[in-house]
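# Coordinates in review
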Amino acid sequence: MSYEFLQHYWCFIVSLLGAILVFLLFVQGANSVAGSLGYTEEGRRLVYNSTGRKWEFTFTTLVTFGGAFFASFPLFYSTSFGGAYWLWMIILFTFVLQAVSYEFQNKIGNILGPKTFQFFLTLNGIVGPLLLGGAVATFFEGSNFIVEKNNLIDASAITPIISRWANASHGLDALLNPWVLVFGFAVVFLARSLGILYVMNNVDDEDIRCRGSVRLLGTAVPFVILFVAYLIHLMLKDGFAVDETGQIYMEPYKYLHNFIDMWYLLILFLIGVVLVLYGIGKTIVSKDYNGGIWPAGIGTVITVLPLLLCSAWNNTSYYPSTADLQSSLTLQNSCSSEFTLTTMFWVSLLVPFVLAYIIYAWRAIDSKKLTKEEIESDHAY
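Just so it is clear, the model here is predicted, and its values are computed rather than measured. Per-chain numbering applies: the sequence of each chain, read as written, is numbered from 1 onward. Side-chain atom pairs in this predicted model are given and counted only at pLDDT of 80 or more, local residue features only at pLDDT of at least 70, and totals for whole chains, interfaces and linings cover all residues. Calculated side-chain values reflect all of the structure's heavy atoms, with hydrogen atoms and water omitted.

### Observations concerning the overall build of the protein chain
Formally: A run of DSSP states H or I qualifies as a helix once it reaches four residues; a run of E qualifies as a strand once it reaches two. Both are numbered from the N-terminal end. Each radius of gyration reported is based on C-alpha atoms, and the globular scaling rule is 2.2 Å times the count of residues to the power 0.38. Throughout this description, buried means an accessible area under 20% of the type-specific maximum (1.4 Å probe, protein chains only), exposed means over 50%, and partly exposed covers the range between. What makes two residues a contact is simply this: any of their non-hydrogen atoms within 4.5 Å. The Shrake-Rupley method, run with a 1.4 Å probe sphere, supplies the accessible areas, and residue values consider only the shown protein chains as cover. The positive count covers Lys and Arg only, the negative count covers Asp and Glu only, and His and the chain ends enter neither. Working definition for charges: the position is that of NZ of Lys, CZ of Arg, CG of Asp or CD of Glu.
For the protein chain, the helix and strand inventory stands at 15 helices and 4 strands. Since a compact globule built from 381 residues should have a radius of gyration of about 21 Å, the 21 Å found for the protein chain is in line with a globular shape. Overall, the protein chain is about 65 × 45 × 40 Å in size when its C-alpha atoms are taken along their principal axes. Buried positions account for 53% of the 381 residues belonging to the protein chain. Of all intrachain contacts in the protein chain linking residues separated by at least 6 positions in sequence, the fraction that spans at least 24 positions is 76%. Looking at the protein chain as shown, the accessible area adds up to about 17400 Å², and 69% of this sits on carbon and sulfur atoms. Of the charged side chains in the protein chain, 20 are positive and 26 negative; the average position of the first set lies 11 Å away from that of the second.

The following block contains the structure:
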């Protein structure tokens, strides 16, 4: 295994975790439309108890995604999580609010009332996907940071900080870029669409299923419009390329060239898009079909995966800097040592066993549809 192979391998693993995380945002998406999807108080409880069975999967994947990034590409972790900390702190805070809200919304002695915690669930359902989508968009649009590795060997430096944010917004400035918002809201509406599909499949309630088809159309249309708009922008924009000496330069149509050069990613991407549209479309037109979450969910993973790989493979800077072009991060200048990546490679061979356990646990949890009678139990949210 060469050092270059290990760099690309761990980029693939991190991208796969990111793609799975985007799929699991169906929890946030369903919570953001619980009021209109459930309509009644009993209906809303059905939605929250449906997503409440899965929120741990999303949170765990988010933490694992961050941990894998830290171990394999520590300079990205220190630059993004350390510099853009307001962006990441808001994301983490809303996820903590989500966990608390599930447990306390209907507890005896809740002086704030159920609606307060349901508002927090809705807040997480909108802000979480929006900011995570915005963070992903910065892989293509760039972020405002500066990397100064010489600080490590500068004896006069009071604090040997390698990277710093170039302004006081610490990540929130990304939201001033309209294309970051376009992609962020595309993720919001994708999460809502997946959430509706999941609840329709998981809950045994005819009213929610009928209402879900109408709500699905209202979320799928803006998702398709926003995603297609950003995709056209991405294919036509200049990208951040890396030459043989490690210098960063702007290349016209870079991401279009990446998909052409790596045609296998393009094929995977197109298959994923078709699966997402199939899952959504068939659910809308067929009253008896409620299994759309599976083609749409699998399609989401295999759409997001090549999109993330397109931002890093084929001599591309996956975390470009708009403040200093040569500070942009690449697979080569931001990764861990060869020894670390090799050791982690052998550990990663256990991942299929973990995935098998997750599938087993998922099937056990969803062995039967959620009903109104079940939410009257002591273990209901």
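Having seen the structure, we can now continue with the description.
### Some details on helix α6 (residues 74-83)
Under the convention used in this document: Working note: the arc is built from the helix axis to C-beta atom directions.
Those residues of α6 that sit buried are Leu75, Phe76, Thr79, Ser80 and Gly83. Taken around the axis of α6, the buried residues stretch over an arc of 105 degrees, which confines them to a single face. Buried positions along α6 lie against α5 (55-72), α7 (85-104), α8 (114-141), β1 (145-147) and β2 (163-165).

### Describing the pairing of strand β4 (residues 248-251)
Quick reminder of the rule: Between any two strands, pairing holds if DSSP finds at least two bridges.
Both strand β3 (residues 239-242) and β4 contribute to a ladder of 4 bridges, which runs antiparallel. Along β4, the bridge assignment pairs Gly239 with Glu251.

### Notes on the side chain of Glu141
Note the cut-off: By definition here, a salt bridge exists when the distance from a side-chain nitrogen of Lys or Arg to a carboxyl oxygen of Asp or Glu is within 4 Å. Contacts described as polar in this section are N or O atom pairs within 3.5 Å, which, within protein, must combine one atom able to donate a hydrogen with one able to accept it, while residues neighboring in sequence count only if both atoms come from side chains.
Secondary-structure assignment places Glu141 in helix α8. Lys237 provides the closest opposite charge to the buried, salt-bridge-free Glu141, at an N-O distance of 4.4 Å. Polar contacts involving the side chain of Glu141 include one to the side chain of His233, which spans 2.9 Å. What Glu141 contacts, discounting residues up to four positions off in sequence, is Asn177, Trp179, Val180, Tyr230, His233, Lys237, Phe240 and Thr322.

### Side note on a nonpolar patch on the surface
Put simply, the rule is: Each patch is built from salt-bridge-free residues with over 30% relative accessible area, joining like charges within 9 Å and nonpolar side chains (Val, Leu, Ile, Met, Phe, Trp, Tyr) within 5 Å.
Side chains of Val224, Val228, Ile232, Leu236, Tyr253, Leu256, Ile260 and Leu277 sit close together on the surface and give an oily, nonpolar patch of about 690 Å² of accessible area. For the nonpolar patch, the secondary structure elements donating two or more residues are α10 (206-236) and α11 (254-261). Counting residues per element, the nonpolar patch draws most heavily on α10, which supplies 4 residues. Here Ile232 lies in helix α10.

### Let's talk about α7
As a reminder, the rule being used: Under the convention used throughout, the expected extent of a helix is 1.5 Å for every residue step, that is, one less than its residue count.
Helix length check: α7, at 20 residues, gives a terminal C-alpha distance of 28 Å against a target of 28 Å (1.5 Å per residue), a fit within 8%. Of the residues making up α7, those classed as buried are Leu87, Trp88, Ile91, Thr94, Phe95, Leu97, Gln98, Ala99, Ser101 and Tyr102. Looking at the buried side of α7, the elements it contacts are α2 (26-32), α4 (41-52), α5, α6 and α8.

### A closer look at the nonpolar core
In a soluble, globular protein the nonpolar side chains are often hidden away together inside. Condition: Grouping buried Ala, Val, Leu, Ile, Met, Phe, Trp, Tyr and Cys residues that are joined through side-chain atoms within 4.5 Å yields what is termed a nonpolar core.
The biggest cluster of nonpolar side chains holds 104 residues, and the ones touching the most others in it are Phe73 and Tyr318. When neighbours within four sequence positions are excluded, Tyr318 is seen to be in contact with Phe69, Phe73, Phe76, Phe139, Ser311, Ala312, Leu329, Thr330, Leu331 and Ser334.

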